Amino acid sequence: MASNRFSSASLIRYVEEFEEQSINPASPDADFALAHVSGERRVGPPFMYQSALSAFGLSETDAAARAPRYTSDAKA
Amino acid sequence: MKEAAASVKKQAFSSPPLAAQCVRLSGSRALGDTIASIVAQRQPEEVTLLVFDFDKTLTNGHASPTSSLEQRVRGGTHTIEALRETLATPGILRKVLTARPPTKSSVESVALQLNGSMQLGEFFATEASAEECAPFEYGSCGAMIAHAADVYASGYDKPSGISALVLDTCTVAAARANTKVEERACPPIRVHFFDDSVSNAYRVSSETVLATGAVPGMVGALPPQWDVQLTVYWWDLYV
C-alpha cells in the first residue's frame, strides 16, 4: 500500500520513523501513524513551523539546530 | 440542550480567535507537574477543561497490554498520579482530542486503546451510542468532528475541535447547574490543551474561535461573551 504512494527514499524514512515512534505498522492505525509522523511537515508550510516554534519561545537559531527527527521520553 | 447545541454548531464563526497563552513543556515529568499546578491554582467556580492529544502526548505510541507503564503512558507514574488527583474534583473535566480522522472508527479505536492497552479508562468516559459517534459538521466551513463521550477526533483541524469541546462543556455545565433555565449562564471555563506537535499547538493557540450566536436556554449566552481562557502547552518531544 505504502509503495504506491511513496518513493523508495520516502518509504525508508517512513519505516524509520515508524520504528522511532514505536508505532506498529501492522496495526489498524498505520495510516494515521503515517500521517502523524509526517504531521509537522504536513500541517502547514515551513514558515508556520518556524512561527510555531517562535510562539513557544524558541528562536530561529534554536529551531534551525533541531534535527528533523523525533525522540520520545520512553527512549530517553 | 442537545438540539440547541446542534443549532449553534451550524453557525458561521466570525468572532476573533481566542487569545491564548503558549507554554512549552519539556521533560518526562512536565505533564504531571503542569496538571498538579493547574489543580492547585484553579478557582472553585471555574470549569477546568484538560484536553490531551492522544498519540505521543498522553501515550508513547504503540503499546501492548504487557508494556510497562512508562512505555505506555508518556511521563509514566508521574502523569498517572496527576491525572488521578483530578478525579477528586468534579469541576475538572478530562478530554482527548486526537488528530485522527473525524470518523466513528477513529474515536472507537482511541476508546479501545484507552480502556485496553493504555489502561487509562478510569480517567475518560468513552461509552457512546453509534449515533452519538457519527461525525457532525461544525461551523460553516466544513469542519468535521466525531466524538464518543470524552474522546474527540477532528483531524488536523484541532482549533475546531477545541471550539466544539468548549461549546459542549458550556451547554452541559449550564444544563447540569441547579438553576432555572432563565438563570443559566456559562461558568468561567479554563481550557488547557496539551499536544506534542508544535504545529497543532500553534494552530489551536492562533485559530480557535467560538460560535457567534446565542445558545437557547442560556442567559448572556453569546459564546464570544463567555469567560473562556485558553492555555496551549506544547510538550516537546525533543530531549
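Caption draft 1: Fine view of the overall build of chain A. Along the backbone of chain A there are five helices and zero strands. Each helix and strand of chain A, ordered N terminal to C terminal, gives the series α-α-α-α-α.

Caption draft 2: Molecular detail of helix α5 (residues 76-86) of chain B. All names here are of chain B. Among all positions in α5, only T79, A82 and L83 are buried. One side of α5 carries all its buried residues, which in axial view fall inside an arc of 100°. Along α5, the residues that are exposed and aim more than 90 degrees away from the buried face are T77 and R84. Check the buried side of α5 and you find it contacts α2 (30-41) and β3 (92-98).

Caption draft 3: Geometry of the sheet that holds strand β1 (residues 20-25) of chain B. Residue and element names in this part refer to chain B. A sheet is described by the order of its strands in space; here eight strands give the open sequence β1-β8-β7-β2-β3-β6-β5-β4, paired in mixed fashion. Edge positions in the sheet fall to β1 and β4 (136-138), since each of these pairs with one other strand and no more. Averaged over all pairs of adjacent strands, the angle between strand axes in this sheet comes to 25°, irrespective of strand direction. One ladder, built from three bridges, connects β3 with strand β6 (residues 151-153); its direction is parallel. Within β6, the position partnered with T98 by the bridge is A153. Lying on the sheet, helix α6 (residues 104-115) is in contact with β3, β5 (143-148) and β6; it crosses β5 at an angle near 35°.

Caption draft 4: Broad picture of the packing of α2 of chain B against α5 of chain B. Residues and elements named next belong to chain B. Running from N to C, α2 and α5 cross one another at 20°; their axes reach a closest spacing of 8 Å. In this view, α2 runs roughly parallel relative to α5, as classed from their interaxial angle. Handedness of the α2/α5 crossing: left-handed. Of the residues in α5, those in contact with L31, G32, I35, A36 and V39 of α2 are H78, T79, E81, A82, L83, E85 and T86. The residue makeup of the contact of α2 with α5, split by class, is six nonpolar, four polar and two charged.

Caption draft 5: Inspection of the confidence of the model for chain B at higher detail. Residues and elements named next belong to chain B. The predicted model of chain B averages 84 in pLDDT, with 82% of residues at 70 or higher. Summarising per-element confidence for chain B, the mean pLDDT is lowest in helix α1 (residues 2-9) (54) and highest in α2 (97). Taken over the whole predicted complex, pTM reads 0.79, whereas the ipTM for its chain interfaces reads 0.82.

Caption draft 6: Highlighting the pairing of strand β2 (residues 47-52) of chain B. All names here are of chain B. Of all the six residues making up β2, six are buried; the element is thus mostly covered by neighbouring parts of the structure. Burial along β2 is two-sided: the residues V47, L49 and V51 and T48, L50 and F52 are all buried. With six bridges connecting them, β2 and strand β7 (residues 189-195) associate as parallel partners. Paired with F52 across the two strands is F194, which belongs to β7. As paired strands, β2 and β3 are joined by five bridges and run parallel to one another. Paired with T48 across the bridge in β3 is I92.

Scoring rules and cut-offs
Residues numbered from 1 in each chain as written. Chains lettered and ligands numbered in written order. Predicted model: local features only at pLDDT ≥ 70, side-chain atom pairs only at ≥ 80, totals over all residues. Helix = DSSP H or I, 4+ residues; strand = E, 2+ residues; numbered from the N terminus. Buried ≥ 20, exposed ≤ 12 C-beta atoms within 10 Å, placed from the backbone. Arc of directions from axis to C-beta. Contact = placed C-beta atoms within 7 Å. Pairing = 2+ DSSP bridges. Axes fitted to C-alpha atoms, helices over the stretch in contact; angles between N-to-C directions. Parallel < 35°, antiparallel > 145°, perpendicular 65-115°, else oblique. Left-handed = near helix turned anticlockwise from the far one by under 90°. Nonpolar A, V, L, I, M, F, W, Y, C, P; charged D, E, K, R; others polar. pLDDT = per-residue confidence, 0-100.

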